[in-house]
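# Descriptive structure summary
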Amino acid sequence: SYHAVSRRLACGDVEGRLEAIFGRVRAIQAKSGRFDMLLCVGNFFGSTCEAEWAEYRTGAKKAPIPTYVLGANTQDTLSYFPDASGCELAENITYLGRRGVYSGCSGLQIAYLSGTEAQQQPAPAHSFSAKDVAELKASLLATPRFRGVDILLTSPWPRDVGTFANSAGEIDTKKCGSMLVSDLAASLKPRYHFAALEKAYYERLPYRNHMVLQETPQHVTRFIALANVGNTGKKKYLYAFSIVPMSSMDPAELVKQPQDVTENPYRKLRKEAPKSRAPLSAEEEPACQFFFDLNKHQGKKRPSDRKERGDSQPKQAKKPPQPTGPCWFCLASPEVEKHLVVSIGTHCYLALAKGGLSPDHVLILPIGHYQSVVDLSSEVLEEVTKYKAALKEFFRSKGKRYVLFERNYRSQHLQLQVIPVPLDLCTSEDIKEAFITQAQEQQIELLEIPEHSDIAQVAQPGTPYFYVELDTGEKLFHRIRGRFPLQFGRCVLASEALLAQPQRADWRQCAAQRSEEEAQARAFRRDFESFDFSLRA
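Reference entry: report on the structure contained in this document. Each chain carries its own residue numbering, running from 1 in the written order of its sequence. At least 70 in pLDDT is required for a residue's local features to be given in this predicted model, at least 80 for side-chain atom pairs to be given and counted, and no such filter applies to totals for whole chains, interfaces and linings, which use all residues. Calculation of side-chain values draws on the structure's entire complement of heavy atoms; hydrogens and water are dropped beforehand.

This paragraph deals with the overall build of the protein. Every helix listed is a DSSP run of H or I at least four residues long, and every strand listed is a run of E at least two residues long, numbered separately from the N terminus. A tally of regular secondary structure across the protein gives 10 helices and 25 strands. Three exposure classes are used, based on accessible area relative to the maximum for each residue type with a 1.4 Å probe and protein chains only: buried under 20%, partly exposed in between, and exposed over 50%. The proportion of buried residues among the 537 residues of the protein is 52%. With residues, only the protein chains shown are counted as cover, and all accessible areas are computed by Shrake-Rupley using a 1.4 Å probe. Surface accessibility of the protein: about 24,800 Å² in total, with carbon and sulfur atoms responsible for 51%.

Take a look at the structure:
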């Protein structure tokens with residue numbers, strides 16, 4: 001079906017250079033045909049633009065296109081905006097207002113928030129407060145079947161917009177911009193978000209608005225920061241785009257994910273969102289309602305519990321398969337370096353990693369020959385869980401948290417690598433961010449999976465995969481479809497973002513003398529003794 005495509009222009013800080021911006025718009029329209037409107041973010045007025053503005057205000061000159069502007073960001077331009085709730089400033093030039101939603105006749109929804117984030121209370125007239133953001137969110141989230149807005153206009157950048165993304169150049173997105181704007185963008189899920197004020201152009205890679213494997217797919221957001229009009233560095237300040245209103249789009253077309261889509265930069269905010277907000281977005285599916293079967297095409301639901309699959313029997317204890325040749329990790333095998341073993345349970349054992357990232361880098365291994373976690377019988381899995389709990393308690397007593405990963409790819413015996421990271425070095429969120437960012441750089445899609453699910457729910461036996469688990473139970477998963485860097489997990493942990501020991505990324509460079517390994521194993525056994533359940537059996 002045919003939909004009216006809107007052709008829009010967005011521009012950064014005009015700063016009173018009206019002739020420059022409108023001259024540019026006329027030139028573009030002469031070359032490319034008419035646009036429906038111009039949306040201006042940042043400072044529309046400058047401190048010295050009275051004479052130029054007077055010609056438009058009196059009607060001597062007229063804007064060549066319907067122009068919609070945000071309000072003042074500073075005290076000295078407040079006088080240009082006579083009515084805080086929005087008004088026509090001159091023919092074809094409209095001030096949208098302090099905050100709200102503008103819906104054109106095409107059905108396009110434009111949410112807007114004027115000013116900068118207030119640094120004091122009560123908020124000055126050129127600023128917005130947490131209350132303004134909460135009210136704008138509430139008004140939209142309460143609408144039936146709310147999926148997002150088409151466009152969001154703010155003057156400040158959202159804080160942290162550069163997380164998981166292409167570089168924003170000289171702008172440090174961890175320090176620049178407003179957390180309240182990030183919160184607004186995370187909730188309103190705009191398809192386009194424009195901002196300015198930093199005198200820089202930055203077009204971020206599109207980011208997704210849903211948690212893969214946990215929520216139904218949603219549309220992506222494109223964040224675009226625009227420079228100031230007529231800047232000497234020739235940075236882009238005018239952006240042309242075509243958009244069909246969300247309300248008249250085919251839902252499947254709307255949620256198509258582009259090739260270069262990234263993780264959501266505000267995922268921390270989404271996780272920390274107070275539960276009291278839930279009723280406002282009742283149309284969202286409960287987070288753990290279903291899992292995707294990664295063997296099938298995305299989007300096929302499969303039941304998340306065994307009864308529905310018609311196999312209500314618990315997993316029967318079955319003998320593990322036998323290795324086809326010598327195995328370095330079957331405990332009965334002569335190839336095992338027994339001096340590295342630090343604990344032996346009924347079904348599993350712990351061994352120090354050869355050439356470990358740290359002296360207490362340890363492996364959880366099944367005694368029998370199993371290839372991956374997915375293949376484990378229920379009693380082996382139960383003991384793996386006990387070892388994880390014991391190691392969590394042990395490392396926490398030493399001021400550390402563990403990161404666990406498994407690579408079920410070009411390996412024949414399950415190895416769960418457990419690496420402790422000092423608590424004061426980084427948070428669990430920093431660890432996840434480092435893994436997701438470095439995965440993205442290598443075109444590896446690392447997805448967060450529900451905390452209370454296990455890997456067997458997203459991977460079939462025999463499927464190659466890589467997964468990371470934090471001692472909080474949070475998990476990241478990648479289904480390996482082609483090549484995969486064998487040292488990936490280790491490289492991320494050794495990188496500057498985490499342990500800052502890049503020289504230890506390859507275990508072969510870290511191999512120690514046997515006497516040193518024996519000493520490390522003795523020390524680990526001694527320290528771990530009071531946490532080791534296998535000694536109490």
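Back to the text.
One open sheet holds the six strands; their spatial order is β4-β5-β3-β2-β1-β15, and the pairing between them is mixed. Edge strands, defined here as strands with exactly one partner in the open sheet, are β4 (87–90) and β15 (238–243). Looking at each pair of strands side by side, their axes are set apart by 25 degrees on average, direction ignored. Pairing between strands requires that DSSP locate at least two bridges from one strand to the other. Pairing geometry for strand β1 (residues 6–11) and β15, over six bridges, is antiparallel. Angular values range over 0 to 180 degrees, each being the angle between N-to-C directions of two axes fitted as lines to C-alpha atoms, with helices fitted over their stretch in contact.

To continue, consider the pattern of salt bridges. We define a salt bridge as a side-chain nitrogen of Lys or Arg found within 4 Å of a carboxyl oxygen belonging to Asp or Glu. Inspection of the entire model under this criterion finds 30 salt bridges. Its salt-bridge partner being Asp132, residue Arg99 comes within 2.4 Å of it at the nearest N-O pair. With Arg99 in strand β6 (residues 99–103) and Asp132 in helix α3 (residues 130–141), the pair connects residues that are 33 residues apart, well separated along the chain. In this structure Arg99 comes out as partly exposed when scored by relative accessible area, which is 31%.

What follows concerns the packing of helix α7 (residues 378–397) against helix α10 (residues 514–528). Two elements in contact, α7 and α10, have axes separated by 11 Å at closest approach and are oriented at 95 degrees. On the basis of their axis angle, the class for α7 and α10 is roughly perpendicular. Of the residues in α10, those in contact with Ala390, Leu391, Phe394 and Phe395 of α7 are Phe524, Asp527 and Phe528. Here the term charged refers only to Asp, Glu, Lys and Arg, the term nonpolar to Ala, Val, Leu, Ile, Met, Phe, Trp, Tyr, Cys and Pro, and the term polar to all other amino acids, Gly among them. Partitioning the contact of α7 with α10 into residue classes produces six nonpolar, no polar and one charged. An angle below 35 degrees is treated as roughly parallel, one above 145 as roughly antiparallel, one from 65 to 115 as roughly perpendicular, and anything else as oblique. The contact criterion used is simple: two residues touch if any of their non-hydrogen atoms lie within 4.5 Å.

This next bit is on the sheet that holds strand β24 (residues 465–470). Read from one edge to the other, the open sheet built from eight strands follows the order β18-β19-β20-β22-β21-β24-β25-β23, with strand pairing classed as antiparallel. Where the open sheet ends on each side, the last strands, each with one partner, are β18 (341–344) and β23 (447–449). The average angle at which neighbouring strand axes cross in this sheet is 25 degrees, direction not considered. Alignment of strand β21 (residues 400–408) against strand β22 (residues 416–422), held across six bridges, turns out to be antiparallel.

Glancing now at unusual backbone geometry. The linkage connecting Gln121 with the following residue, Pro122, adopts the cis geometry, with an omega of -10 degrees. You can see Pro122 is positioned in the loop between β8 (116–117) and β9 (127–128). The backbone of Asp160 sits at a positive phi, close to 70 degrees, despite the residue not being glycine. Positionally, Asp160 belongs in the loop between β10 (151–154) and α4 (179–188).

Regular strands place their side chains on alternate faces of the sheet. Across the two faces of strand β2 (residues 37–40) the burial is the same, with Met37 and Leu39 and Leu38 and Cys40 all buried. When β1 meets β2, the two strands line up parallel, connected through four bridges. Across the sheet, Leu9 pairs through a bridge with Leu38, a residue of β2. Seen with the strands pointing away from the viewer, any crossover whose path from the first strand over the helix to the second strand runs clockwise is right-handed. Of the crossover connections in this fold, the one passing from β1 over helix α1 (residues 18–32) to the parallel β2 is right-handed. The pairing of β2 with strand β3 (residues 67–69) spans three bridges and is classified as parallel. Residue Leu39 lies in a different strand from β3, and its bridge partner there is Tyr68.

Quick look at the pairing of strand β25 (residues 475–479) now. Most of β25 is tucked away: five of the five residues are buried. Side chains Lys475, Phe477 and Arg479 of β25 all project onto a buried face; the interleaved residues Leu476 and His478 project onto the opposite face, where all are buried too. One ladder, built from three bridges, connects β23 with β25; its direction is antiparallel. Considered in β25, the bridge of Glu448 is made with Leu476. Where β24 and β25 come together, five bridges link them in antiparallel fashion.

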